[in-house]
Structure formats: C-alpha cells, structure tokens
Protein chains: 2
Amino acid sequence: MTAFETLMNFQRETGALAQVAGRLGWDQETIMPRGAGEQRSDEIAAMESVLHARRTDPRVGEWLDAIDAGALDDEGRAQLRHIRRSYERTLRVPAKLASDLARLTSRAHRVWAEARADDNFAAFAPVLREVVSLKREEGAALAAGGDVYDAMLEDYEPGATAAQLAGMFGALRPRLVALRQAVLEKPQPRALRGPFDEQAQMTLAQTVAKTFGYEMSRGRLDKSVHPFSSGSGDDVRITTRTNALDPFNCLYSTIHEVGHACYEQNVRQAYRFTPLGAGVSMGVHESQSRIYENQLGRSRAFTGWLFERMTEAYGDLGLDGPEAFYAAVNRVQNGYIRTEADEVQYNLHVLLRFDLERALIAGDLEVDDLEAAWNERFLADFGYEVDKPSDGVLQDVHWSAGLFGYFPTYSLGNVYAGCLHASLRQAVPDLDTQLSQGDLRAATGWLAENVQQYGGLYEPREVITRACGGAPSETALLDYLEAKFGAIYGLDRGLCAARE
Amino acid sequence: MTAFETLMNFQRETGALAQVAGRLGWDQETIMPRGAGEQRSDEIAAMESVLHARRTDPRVGEWLDAIDAGALDDEGRAQLRHIRRSYERTLRVPAKLASDLARLTSRAHRVWAEARADDNFAAFAPVLREVVSLKREEGAALAAGGDVYDAMLEDYEPGATAAQLAGMFGALRPRLVALRQAVLEKPQPRALRGPFDEQAQMTLAQTVAKTFGYEMSRGRLDKSVHPFSSGSGDDVRITTRTNALDPFNCLYSTIHEVGHACYEQNVRQAYRFTPLGAGVSMGVHESQSRIYENQLGRSRAFTGWLFERMTEAYGDLGLDGPEAFYAAVNRVQNGYIRTEADEVQYNLHVLLRFDLERALIAGDLEVDDLEAAWNERFLADFGYEVDKPSDGVLQDVHWSAGLFGYFPTYSLGNVYAGCLHASLRQAVPDLDTQLSQGDLRAATGWLAENVQQYGGLYEPREVITRACGGAPSETALLDYLEAKFGAIYGLDRGLCAARE
C-alpha cells in the first residue's frame, strides 16, 4: 500500500468512528432514556478521546510527508488539502490550551444556561471573559501572525475572511433595515386559525420531506426540542417539532433540515467517511437548507400546492385562498429571537452578532460592555428596545461554547442561496409551474448536480462560483427579498426610495 | 495514580466504548434506515478495531504486572480476576487465528442463512467443517493442555466444566422425556381466541414490564424481529415482537427480556463500565430471564392477575376463567423449534445440542454425520421425525457463528432459576398472594438483592450458591416442573412411575 492509501484507510476508519459519535448525539436528543444522561457523558467522552488521539496521531504527519502529491488526481489532492489543514491545526494549538478550552466551555455552557434562565448577564460575563481570552489565545496560535478572527472563521468556512464578509454584510444591512421598516408600516396579513393536530403535522412533514427529495430509506424523521440534521451518506437523520397553534414551525423546520440532509445524502458515494464525504462548510450547508426552506418552500408557486395539502389535512384554514395563504406563510413581525425570524429580518440578527464578536476578539469591545452594545445595535436596526437579556445578549448558545466565527456563516448561507436561486431560475425556466404542482425534482436535482454531489471536493466559495458561473454577491438575495416582500406588502415605490 | 487506578480508568473507557458499539447493534435491529446496512458494517468494523486494539494493548499486561493484588479489597481483586482472564485469553490466541476466525464465521453465517432458506444441510457442511476445525484450534490454544470444550465454555460460563454440566443434564433428560410423554398423552387445554390488537399488546407489554421492576426511565421498549436486551447500567433497552394471533409471544418475550434487563439495571452503580458492571455469565443471565418469565410470569398466581388485565384490554378471551387461562399459558405442544418450546420441552432441545457439539469438538462426530445424529436424537427424545433441516440441524445461528459452548448455558440458566425459585419461596412465604395481586416487588427485590446487584463480583456458580445457601442442583427445577405440569395435566401417578 502507498502512504496515500494507508492514510486514506486510517481516515475512513476515523470518519466511521466520528459518524458513530455523532449518532450518540442524535440518540441523546431523540430517544435516549431520560435517566441515561450521566452515563452518556462518559460514552461521549470515551469516543472523543479516541477521535482526538487519531486526529493528533503523529503517523498522519509521517504519511503526509511521504506522499507524492503530484502523483494524485484532483480528488486525491482535495483529500490531502483537508487532511493537512486539519492536522496542522492540531499541531498549532498546544494540547494544554485545547483541553483548558474544552473544560472551560463545558463550564461556561452551564453558567450561560443558568444566567439565561435568571435573565442576568452579569452572572455570565466573568466566564465569557475567560472564554474570549482563551479563544483569542487559540486564534493567535492558529493565525500564526495572520488575522485572528480569520483563523477562527477557518473552522467553519475555510477560505472566508472577515474583510470579505464585512463588505457583503455592509451592503446587506441598509437595504434590509429599509425593507423591514417599509414592510412593518403596512397592515399584517391574516394568520392561520388553529389548533392543528400534531400527528397530522408529522404526517404532512413526512410527505413534504419526501417531496423535497429526502430519501426515507436512508434517513429518519423524529421529534426533538430543537430540530437538527445528523449523519452523512446512507444514514442521515432529521428531527422537527410540533406546535398545535403553528403548523408552519413543524413544516418549515422539516424543509430546512431536509436541505441539510439532502446535501449529505447526495454527496458522491465514493467519498463515504473521507474528508470529501460531507458538506464542505457551514455556509454552503446553510445555503442548501435556506434555498429549500425559503426560495423554494416559501415561494408563491409551492405554497399554492401546500395550501391544497393543508386544506386536505385540516379542512378550512380560515383564509381566503392561496394568495392569502402565501402572505400568511411570509408574515413579517417584530420579534427578538434570531431562530424565529422571517426572511427579511433574519440576517439583521446575524449581522449584529458578527459585528459584536469581531469587536470582542479584536479587543475593541469589552465583555462588560457587550450587553449595552447589543441593546444599542438592536434598537438601531429594529427600532425598539430589548426587553430582557434572554431575548438579547443571552439568547444564543454559541459564545458560551466558544463558537466565534460561526454566526456569519448563517448569513453567508443566505447570500449563497440567493445566488443559487438566481442561477436555478435560469436553468429551469418553468420552475414555478413545477413548484405549483409540488414537483421539486428539477430544482433539487439541479442543486444535487451542481453543489451537493461534490462534498468537499472544491473550496466553499469555489463550489458556489462554479454552480453560479460567477463570484457570489449579496445583490441576488437583496433583489429577491425586495421583489418578493415588495409584492406581498405592496411597497414598490417606498423601496426604490430607500435604495437611493 | 497507582497502576491499578490507571488500569481501571483504561477499563472504564473501554467499557464505555463497548457500550457504544453495543448500541449500534440495538439501533440496527430497531430503527436504522433500511438503506444504511453497508455503511453500518463499516461503522461496526471501526468500533471493533478500536476495541480489539484496547483489549490486546500490551500496557494492560504491564499494569497487571505492576499491581500489588494483596493491597486490594475484594472488589479490586474481582476486577483483576476478570481483566487478567480476558487479557490472558487474547495472548493465548494467535492474532492470525483470531482474524481468520472472524472472517470465516462472517462467511459461514451467510452460507448458513442460504442453506437454511434452501433446507440443504450439504450446502452448509463444508464451511461448518472449517469452523469446527478452527474452533478446535482456538480451543486447544486456550486450553493450554486442559479440556478443549471446557476452554470454550469459559467464554460464556467461567468455571463451568462439561463433566459437571453433563452430570446435571444427564439427570434432567430422563425425567423431562417422561414428563413430556405423560403430558402429551392428555387432552390439550383450550387456546385463546384472537385476533388481538397489536398496539394493545404493546401497551400491555409496557405495563407488565414496569410491573416486573423494569425502570422505563433507564430503558426503552421497542419492536424487533427477534426480541433482545442490550446495554448496561442506566441505558438498558429491550425489544419484543407482536403476533395478532398469539398475545403470549409479545408478553412472555417482554418478561424474558425484562429479566435480562433488570439484572443489568440493578448491578451496583459503582461498577459502571468496569468488568464487574454487567451480568457475570450467560447462565446466570438466563436464570434471571427464566425465573421472571416462567417461575413468576407463568405461575398460577400471576396469571390470575394477568387474566384480569387481558380481559380488560381485549374483552372476552373465549376461556372459562383464570384456571383455563393458566392452562392456556402453559400449553405443551409438539414442535421442532427450540425458541418456541414450552418449559417442559425447552431443555430437551438444548441437551441435544450440547451432546452433539461436544462430540463435534471432541472429534467423536464428523460434520458429515451431524444431520443424521441430530435427527436420530430428536426422534429418540420427541418421538417423531424432523421434517426438514430448517426445523432441525439448521435452525439455530450459533454454530455458524462459532459459538460452541453457548447452548448449555440456556439449560444451566433454567437449573439456576429452579434453585433460586425454591429459595425465593422460602424467603417470601406469601409470594403467591403477592403475585396474584400483580405485586412483584418482593420477588424481584429478592433477586436484585441476592443476585443482580453483585454483577461480576462473584464467580457464576458462587453467586447462585450464595443466594440459595447451597450448591445448585437440577432437582429443584425437575420437582417444580413435575409438580406444576402434573397439576395442570392431572398426571401425578404417571410421573411417579417414570421416576422409579
């Protein structure tokens, strides 16, 4: 066996073990006996210990040194790129710092959960200060002289830079603020009249998941507190939740997770358990979940089909017809919570976090001033005050877990979804006709062919550029949002003014 | 840290990983997407590879050498005994033989499944010959000059010997054959009138599982093709199956698995993930499942309570009352299949396999003569001919998997259950009053206190001897069976004759 083959066999075994570890998480969130939590922590720690030993195994370095990259094909070189990046990362971060961070974030998570329950940012601030300090130390080690925040981004979105994202987001913000204001000045569309049977919601969710191309023979749909997608290849499981008063929560959570899951199901089979065998970045992953959920799932054409299915399932929805249903699906309302936000406001929540966490890492903002900075920025963009920390600075888990650099990938995913949607419309001119018949095959087939099948073969930005025939830009998303919500809320002229 | 503490930490991590690997099996048999089988094989192989490396890790030998056993308490010495036994086993079997056996049994399993479907023993014989040959080689390596079959028993029932078992089973056989004949000469009790709703069966199974002390907060009940119990400590999951025409299949499979599961749930918490933290042997495990299922679950007293629950669940059962229900639960009927056999006939199926597999391993019986030997013995004990190989020599998976020495633990478990039942009756004089009210707490509490809590602390035979206040003997089981079925079938005199 060549050094490359030996390395790849080792990687595939590591990939299989990582899949097993991931399924422990799925089990824990869906069907684990409630008394098994403590024991499960030991199981997860044991798997993490095995995986850590493999990821830092010095033989990986020896194999990498022994490989003649020139003799490899494109796929082989892409595998090497991933393996080398991951291995060099482990070499740069001292073992003690890594274990200190693991212990600290475990404690910080508990402190955050309590502080959030008590609506008390001061109780969280001291441990967050420690997290920021250690993350800066880790980031400096990773950056090796380069930009610290860029080094953090590398964990979630290889190749992305803060400068590039700041440019994109800087263009998003004023037009989104203007669109939001214009929309909220208009009368609200009517909402659905519930309640909606929760078993019927799950049945409809199954139907819709299959409609979007999710293969049930290689997955499962269960319930959990927070919806998620887990696994790769032939075992990709998704979860959703039900709320008797809001059937859209279950439906659109399902479609969102189906987007993530289809990406994992549709990666080339030959890449199984290798670094190429999964979605390439958080941003590209989110582009799939978002285009499934929003550009396709919340389109006028598809909601027409969905209106019929829901009427069949629940009888009269208390709405005048598919047009009113489309408006109900796309209601824009005030709210504090990122994960509950609509298409217009979602990215404003993310941009706020991106700017604040960059300032924290750069040392331009102290943790003690973070709550005030959050509240000030929220007021500026949304026009009303944050009512309590659990609706503001304490609402998300990310910072307690040390996940700096994660937030911007949400909005990057939306930007990518906007670009892919524009290209998809060109490639499939009669898309709306198909969507209106509940036929998603051309749309999801185009995404599978142009994005999903490649897994980690190309760098994140490259896979979008290839699919769209040009570099990604935020313009497509903005144009789409202004046109869509302008039409729903009847505000074409106001928007043009805002753009001048 | 002392060498002992280091070794125990290593063992606990190995135990946690083994638990994770075991749950992959549970997942596969219950809820895994049907298209995930091939990928799952890779996951299982990766976990096995990690576990194998840990079990053969030379550091275990170094730690064992460095430990001063005299400084340990009873529990510490028991841990050492298990760890040393397991480690020395790995040293005795050459790595090539172990991997040859793994590959061979994997192939033999597939060949067996096809041969069984085709009812063609000749198609299975060649690979079985190879399995017997390699198992004899492995057994000789393990025995190191001692008895080869005894060395095989050690994997399932440490401390047991073929001579001891043959003595026990030799006493069982004539009395069981006589009891069987006497019972089958009598008229059959009436069976239940179905069908029985399968969802209602699962609901009743849940109720009965809790009644027998299974803690649902530390377990789950699901469906699978073959019922099983899986896991230890705070995450012990069981499965059952339903058959619309036979509600006893679901019920008594559940109670059987609850017996196994309660053993695992009730081991002392401090032993978690260590060699003491699980049932000590297959025989003692089976004693728990059998006493729950038979001596308790199929007793006149408990079936009286169950009759009321089933009547509530299903309405009229087509029987005259609890006495007729008790007889229906305990019907003795002709049949070929071990796993479907009643209390009277079950051990005859096992004894047949024990004698044949000992002869195979000793070289007294050739694989080519196995089918004829099986059929001859079946005719001698059951009085009618085997109709086809899938009802005879091909019915069980064990030999294809190389599990020689496993079968006798089923009957040893029944013998142990007989002894424990006799002691339980002495310890809880009003047991029948309690059982007739569906109150199993005293019975299962006595078993938890006297057997289950100890896990691997004592050797298998020792834990039964301690619980019963004397060495185990087959007499208790025989006396119990003759009294019970003598009363149901009204044959006291015939039996006394058979025993002379």
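Residues numbered from 1 in each chain as written. Chains lettered and ligands numbered in written order. Predicted model: local features only at pLDDT ≥ 70, side-chain atom pairs only at ≥ 80, totals over all residues. Heavy atoms only, no water.

- An unreviewed UniProt entry annotates chain A as Metal-dependent carboxypeptidase originating from Salipiger bermudensis.
- According to UniProt, the comment filed for chain A under the heading Function (unreviewed entry) is "Broad specificity carboxypetidase that releases amino acids sequentially from the C-terminus, including neutral, aromatic, polar and basic residues." (UniProt positions renumbered as here; feature names shortened; annotations may be inferred.)

**Let's talk about the UniProt feature "binding site: Zn(2+)" (unreviewed entry) in chain A**
Residue and element names in this part refer to chain A.
Inference 1: The positions UniProt marks with the feature "binding site: Zn(2+)" (unreviewed entry) are His 256, His 260 and Glu 286. Spatial clustering of the annotated residues is evident: they stretch over 31 residues in sequence, but the largest pairwise C-alpha distance comes to 8.7 Å.
Inference 2: Relative to the assigned elements, His 256 resides in helix α10 (residues 247–266).
Inference 3: Using a relative accessible area of 10% as the deciding quantity, one classes His 256 as buried.
Inference 4: If sequence neighbours within four positions are ignored, His 256 has contacts with Glu 286, Ser 289, Arg 290 and Glu 293.
Inference 5: Within the structure, the side chain of His 256 is placed 3.3 Å from the side chain of His 260, a separation counted as a polar contact.
Inference 6: Its place among the elements puts His 260 in helix α10.
Inference 7: Every residue in contact with His 260, bar those within four places of it in the chain, is listed here: Ser 229, His 285, Glu 286 and Ser 289. (Helix = DSSP H or I, 4+ residues; strand = E, 2+ residues; numbered from the N terminus. Buried < 20%, exposed > 50% of the residue type's maximum accessible area, 1.4 Å probe, protein only. Contact = heavy atoms within 4.5 Å. Polar contact = N/O pair within 3.5 Å; in protein donor to acceptor, adjacent residues only side chain to side chain.)

**Considering the interface of chain A and chain B**
Inference 1: Across the contact, 36 residues belong to chain A and 36 residues belong to chain B.
Inference 2: Taking both sides of the interface into account, the surface hidden between chain A and chain B amounts to around 2900 Å²; carbon and sulfur atoms contribute 56%.
Inference 3: Across the chain A-chain B interface, the total number found is 10 salt bridges.
Inference 4: Counting every contact that joins chain A to chain B gives 16 residue pairs in polar contact (both at pLDDT 80 or more).
Inference 5: Those elements that provide at least two residues to the side of chain A that touches chain B are α1 (3–30), α2 (37–55) and β1 (219–223) of chain A.
Inference 6: Classifying every residue of the side of chain A that touches chain B gives 14 nonpolar, 8 polar and 14 charged. (Buried area = accessible area lost by both parts, 1.4 Å probe. Salt bridge = Lys/Arg side-chain N within 4 Å of Asp/Glu carboxyl O. Nonpolar A, V, L, I, M, F, W, Y, C, P; charged D, E, K, R; others polar.)

**Remarks on the nonpolar core**
Inference 1: Met310(B) and Phe325(B) are the most contacted members of the largest nonpolar core, which totals 132 residues.
Inference 2: Two domains each put at least three residues into this core: domain 1 (3–147) and domain 2 (148–500) of chain B.
Inference 3: The contacts of Phe325(B), once residues within four sequence positions are left out, are Leu192(B), Phe248(B), Thr303(B), Leu306(B), Phe307(B), Met310(B), Leu317(B) and Leu319(B).
Inference 4: In this structure, Leu319(A), Leu440(A), Leu477(A) and Leu491(A) belong to the second largest nonpolar core, which totals 131 residues. (Core = buried A, V, L, I, M, F, W, Y, C linked by side-chain atoms within 4.5 Å. Domains from an automatic or database assignment.)

**Some thoughts on the pairing of strand β3 (residues 236–240) of chain B**
Residue and element names in this part refer to chain B.
Inference 1: Within β3, 5 of the 5 residues are buried, leaving the element largely enclosed by the surrounding structure.
Inference 2: Neither face of β3 is left uncovered, since the one carrying Val 236, Ile 238 and Thr 240 and the one carrying Arg 237 and Thr 239 both have all their residues buried.
Inference 3: The pairing of strand β1 (residues 219–223) with β3 spans 5 bridges and is classified as parallel. Residue pairing for β3: Arg 220 is matched across the bridge by Arg 237. (Pairing = 2+ DSSP bridges.)

**Regarding the packing of aromatic side chains**
Inference 1: Counted according to the given criterion, the structure contains 46 aromatic pairs over all chains.
Inference 2: Judged by centre distance (6.2 Å) and plane angle (85°), the rings of Trp374(B) and Trp399(B) are edge-to-face. Linking Trp374(B) in helix α15 (residues 370–382) with Trp399(B) in the loop between α15 and α16 (407–427), this pair joins segments that are 25 residues apart in sequence.
Inference 3: Trp374(B) gets classed as buried once you look at its relative accessible area, which sits at 2%.
Inference 4: Every member of this aromatic cluster is reached through a ring pair, and the members are Tyr156(A), Tyr346(A), Trp374(A), Trp399(A), Phe404(A), Tyr406(A), Phe407(A) and Tyr410(A).
Inference 5: Its end group placed over the ring of Phe10(A), Arg54(A) keeps NZ or CZ at 4.3 Å from the ring centre.
Inference 6: It is Arg290(B) that lies over the ring of Tyr346(B); its NZ or CZ is 4.2 Å from the centre. (Phe/Tyr/Trp six-rings, centres within 6.5 Å; stacked < 30°, edge-to-face > 60°. Lys NZ or Arg CZ within 6 Å of the ring centre and 35° of its normal.)

**Section: the sheet that holds β1(B)**
Strand pairing in a sheet relies on backbone hydrogen bonds, with the paired strands running either antiparallel or parallel.
Residue and element names in this part refer to chain B.
Inference 1: Here we have 3 strands laid out as an open sheet, ordered β1-β3-β2, and mixed in their pairing. On the outer flanks of this sheet lie β1 and β2 (229–230), each paired with one strand and no other.
Inference 2: The sheet strands contacting helix α1 (residues 3–30) are β1, β2 and β3, and the helix crosses β1 at an angle near 35°. (Axes fitted to C-alpha atoms, helices over the stretch in contact; angles between N-to-C directions.)

**Brief notes about the pattern of salt bridges**
In a structure, side chains of opposite charge can pair up when their charged atoms sit close to one another.
Residue and element names in this part refer to chain B.
Inference 1: All chains considered together, the criterion is met by 92 salt bridges over all chains.
Inference 2: A salt bridge links Arg 40 to Glu 43; the nearest nitrogen and oxygen atoms lie 3.1 Å apart. You can see Arg 40 and its partner Glu 43 sitting in helix α2 (residues 37–55), 3 residues apart, about one turn around the helix. Side by side, Arg 40 and Glu 43 carry an identical accessibility label, which is buried.
Inference 3: The shortest N-O distance in the salt bridge between Arg 173 and Asp 381 comes to 2.6 Å.

**A word on the UniProt feature "active site" (unreviewed entry) in chain A**
Residues and elements named next belong to chain A.
Inference 1: According to UniProt, the positions carrying the feature "active site" (unreviewed entry) are Glu 257.
Inference 2: Mapped onto the elements, Glu 257 comes out in helix α10.
Inference 3: A polar atom in the side chain of Glu 257 sits 3.2 Å from the backbone nitrogen of Ser 229.

**Describing the packing of helix α8 (residues 162–184) of chain A against helix α16 (residues 407–427) of chain A**
All names here are of chain A.
Inference 1: Look at α8 against α16: their axes get within 11 Å of each other, and the N-to-C directions meet at 70°. Classified by the angle their axes make, α8 and α16 are roughly perpendicular. Crossing handedness for the pair α8 and α16: left-handed. Between α8 and α16, the residues in contact are Leu 165, Met 168, Phe 169 and Leu 172 and Pro 408, Ser 411, Leu 412 and Val 415, respectively.
Inference 2: Among the residues making up the contact of α8 with α16, the classes are represented as 7 nonpolar, 1 polar and no charged. (Parallel < 35°, antiparallel > 145°, perpendicular 65-115°, else oblique. Left-handed = near helix turned anticlockwise from the far one by under 90°.)

**A word on the relation of the copies chain A and chain B**
Inference 1: Rotating chain A by 180° and translating it 0.0 Å along the rotation axis places it on chain B, where the RMSD comes to 0.0 Å. Put plainly, the chains are arranged around a two-fold axis.
Inference 2: Mapped onto chain B, 100% of the interface residues of chain A again fall at the interface, so both copies present the same surface. (Least-squares fit on C-alpha atoms with pLDDT ≥ 70 in both.)

**Structural notes on the domain arrangement of chain A**
All names here are of chain A.
Inference 1: As assigned here, chain A comprises domain 1 (3–92) and domain 2 (131–500).
Inference 2: The gap between the C-alpha centroids of domain 1 and domain 2 is 28 Å.
Inference 3: Counting residues at the interface gives 21 residues for domain 1 and 30 residues for domain 2.
Inference 4: Joining domain 1 to domain 2, the criterion identifies 7 salt bridges.
Inference 5: Note that Arg 81 is salt-bridged to Glu 459, the shortest N-O span being 3.4 Å.
Inference 6: When residues of the side of domain 1 that touches domain 2 are traced back to their parent elements, those giving at least two are α1 and α4 (74–92).
Inference 7: The dominant element in the side of domain 1 that touches domain 2, judged by the number of residues it contributes, is α1, at 11 residues.
Inference 8: Class assignment for the residues of the side of domain 1 that touches domain 2 results in 5 nonpolar, 7 polar and 9 charged.

**Quick look at the sheet that holds β1(A)**
Residue and element names in this part refer to chain A.
Inference 1: The strand order across the open sheet built from 3 strands is β1-β3-β2, with neighbouring strands paired in mixed fashion. For this open sheet the edge positions go to β1 and β2 (229–230), each flanked by a neighbour on one side alone.
Inference 2: The pairing of β2 with strand β3 (residues 236–240) spans 2 bridges and is antiparallel. What sits directly across from Ser 230, in β3, is Arg 237.
Inference 3: Against the sheet, helix α9 (residues 198–211) makes contact with β1 and β3, and its axis sits at roughly 155° relative to β1, the strand it touches most.

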